[in-house]
Amino acid sequence: MHNKAERLKKVSPKLPAVPAEIAHRVPPGQTVTERFPILHEGDVPEYELSTWSLRVFGEVERERSFTFEELSKLPQTKILRDIHCVTRWTKLDTEWEGVKFADLLPLLGAKPEARYVMIHADEDYETNLPLEDLLREDVILAHSYDGEPLTDKHGWPLRLIVPHLYFWKSAKWIRGIEFMKEDRPGFWERNGFHNYADPFKEERFSSEEFIMPEDEWLKKEFD
Ligand SMILES: Nc1nc2c(c(=O)[nH]1)N[C@H]1C(S)=C(S)[C@@H](COP(=O)(O)O)O[C@H]1N2
Ligand SMILES: [Mo]
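Residues numbered from 1 in each chain as written. Chains lettered and ligands numbered in written order. Predicted model: local features only at pLDDT ≥ 70, side-chain atom pairs only at ≥ 80, totals over all residues. Heavy atoms only, no water.

Caption draft 1: Molecular detail of the UniProt feature "domain: Oxidoreductase molybdopterin-binding" (unreviewed entry) in the chain. Taken from the UniProt record, the annotation "domain: Oxidoreductase molybdopterin-binding" (unreviewed entry) applies to residues 42–188. Between the end C-alpha atoms of residues 42–188 the distance is 14 Å, and the span holds 10% helix and 41% strand. (UniProt positions renumbered as here; feature names shortened; annotations may be inferred. Helix = DSSP H or I, 4+ residues; strand = E, 2+ residues; numbered from the N terminus.)

Have a look at this one:
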């Protein structure tokens, strides 16, 4: 078992009350913050945009890659959504802009048998999702946050945003989209985290013995 999951086997104190107007937007066990915590494994990668590419492979008619410029020419979508991290912070009304996954799908040549997707990201990060979830109206490959290009630490040049699942599914520094017939667990999903990750059902871990301390996220860098 991975260290982080091990460390989380601890008990937590009580959460502060959530104002009534926003209570329905805050999943159980979450704390609302104005901060934007920065969480990832490994180093922040550096890129030249001219050599960056996004590779599409697996259950596809033909493998292909997109340059950043190709993606910039596709229709752009803005979303305003709440995000929820498994370490218990929730940030309301975050604004992202990029290419809607559903708009990209017709260009990807996925075979009809492809029901799951593995998102590949730097450095050696991957996370799995049902294709159906990626087709929701608010799932985008984002290049901007709050009207500005992503900062390096938040995933520049491109990250996935899947607002309806815990934020570890929203891979930063994405480099590949792999279509799969069968589901396969990604990095955190292999290391004690839930396979699907619905925050409103508190699908944090794959086993009941793990507990996320209240103050885990307060120890992280943020901006
Ligand atoms: N490539 C990559 N993406 C990643 C991670 C990572 O370790 N590597 N961590 C995930 C986790 S656990 C979280 S909570 C969010 C954090 O995004 P943020 O730093 O922009 O808040 O990124 C997700 N995407
Ligand atoms: Mo996370």
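On we go.
Caption draft 2: Representation of the side chain of K91 in the model. By secondary structure assignment, the location of K91 is in strand β5 (residues 89–100). Polar contacts involving the side chain of K91 include one to the main-chain carbonyl oxygen of E34, which spans 2.7 Å. Apart from the residues within four sequence positions on either side, K91 is in contact with T33, E34, R35, F36, R81, D82, I83 and Y145. (Polar contact = N/O pair within 3.5 Å; in protein donor to acceptor, adjacent residues only side chain to side chain. Contact = heavy atoms within 4.5 Å.)

Caption draft 3: The pattern of salt bridges, seen in detail. Overall, the coordinates contain 15 salt bridges when judged by the stated rule. With its nearest N and O atoms 2.8 Å apart, the salt bridge here joins E189 to K169. Note that E189 is positioned in helix α5 (residues 187–190) and K169 in the loop between β10 (159–161) and β11 (174–180), a separation of 20 residues in sequence. Of the charged contacts in the structure, one is a salt bridge between E178 and R184, with a shortest N-O distance of 3.1 Å. Taking the relative accessible area as the measure of exposure, E178 reaches 13% and is therefore buried. By relative accessible area, R184 is classed as partly exposed at 33%. Within this structure, R25, D82 and D93 form a network of salt bridges that share partners. (Salt bridge = Lys/Arg side-chain N within 4 Å of Asp/Glu carboxyl O. Buried < 20%, exposed > 50% of the residue type's maximum accessible area, 1.4 Å probe, protein only.)

Caption draft 4: A look at the site of ligand 1. Neighbouring ligand 1 are 20 residues, the closest being P37, D122, H154, R159 and K172. Within the backbone of P37, a nitrogen or oxygen atom sits 2.6 Å from an oxygen atom of ligand 1. Across the complex, the protein chains shield 99% of the 530 Å² of accessible surface that ligand 1 would expose by itself. (Near = heavy atom within 4 Å. Areas by Shrake-Rupley, 256 points an atom, 1.4 Å probe, with all protein chains shown as cover.)

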